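Structural overview
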Amino acid sequence: GRWVKQKGVDYIADVSEWMLSTYKNAQLVMIGPVGDSYGSYAKSKFDRLKSSGRFKESLFVHAGFLEVPKELKLACDFCLMPSRDEPFGYVDIEFAWF
């Protein structure tokens, strides 16, 4: 989904370093277009983590639209949806289909 305040992607950006450091086998895939300053903030945090080299095998970031392959959805153990005020999103439906 879009990286905007409503979606809460900045929350994921704030905990991603801790999560990937604490859970060594975790992988984080972040996909979506930046839509406001909250999305820009998240992108800058993810870019910093990627450029540090610490998580090159466990963090994938694509700040733009990308059709998520079925195989990726099947490979996920869970989907993070930290939405601030979205009453119902389609991402949960997409992942529930698989």
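Residues numbered from 1 in each chain as written. Predicted model: local features only at pLDDT ≥ 70, side-chain atom pairs only at ≥ 80, totals over all residues. Heavy atoms only, no water.

From N to C terminus, the chain includes 4 helices and 2 strands. In the chain, the succession of α and β elements from N to C terminus is α-β-α-β-α-α. For a compact globule of 98 residues, the expected C-alpha radius of gyration is about 13 Å, and the chain comes in at 13 Å, within 12% of that figure. Along the longest, intermediate and shortest principal axes, the C-alpha atoms of the chain span 35 × 30 × 20 Å. Counting the 98 residues in the chain, one finds 24% classified as buried. The long-range fraction of contacts in the chain, counting pairs at least 24 apart against all pairs at least 6 apart in sequence, stands at 75%. Accessible surface for the chain amounts to roughly 6,600 Å². Of this, 56% is attributable to carbon and sulfur atoms. (Helix = DSSP H or I, 4+ residues; strand = E, 2+ residues; numbered from the N terminus. Rg over C-alpha atoms; globule rule 2.2 N^0.38 Å. Buried < 20%, exposed > 50% of the residue type's maximum accessible area, 1.4 Å probe, protein only. Contact = heavy atoms within 4.5 Å. Areas by Shrake-Rupley, 256 points an atom, 1.4 Å probe, with all protein chains shown as cover.)

Okay, the pairing of strand β2 (residues 59-62) next. Two elements, strand β1 (residues 28-31) and β2, share 4 bridges in a ladder whose sense is parallel. Bridged to V29 within β2 is F60. Crossover β1 to β2 through helix α2 (residues 37-52) is right-handed. (Pairing = 2+ DSSP bridges. Right-handed = clockwise from strand over helix to strand, strands pointing away.)

What follows deals with the side chain of S58. Mapped onto the elements of the fold, S58 is located in the loop between α2 and β2. Setting aside residues no more than four positions away along its own chain, S58 makes contact with L20, A26, Q27 and L28.

It is worth spelling out the pattern of salt bridges at this point. The tally for this structure, following the rule as stated, stands at 4 salt bridges. Here K45 ties to D14 by a salt bridge, and the two come within 3.2 Å at their closest N and O atoms. Of this pair, K45 sits in helix α2 while D14 sits in helix α1 (residues 9-22), and the two are 31 residues apart along the sequence. Accessibility expressed as a relative area gives 22% for K45, which makes it partly exposed. (Salt bridge = Lys/Arg side-chain N within 4 Å of Asp/Glu carboxyl O.)

Keep in mind these values describe shape, not function.
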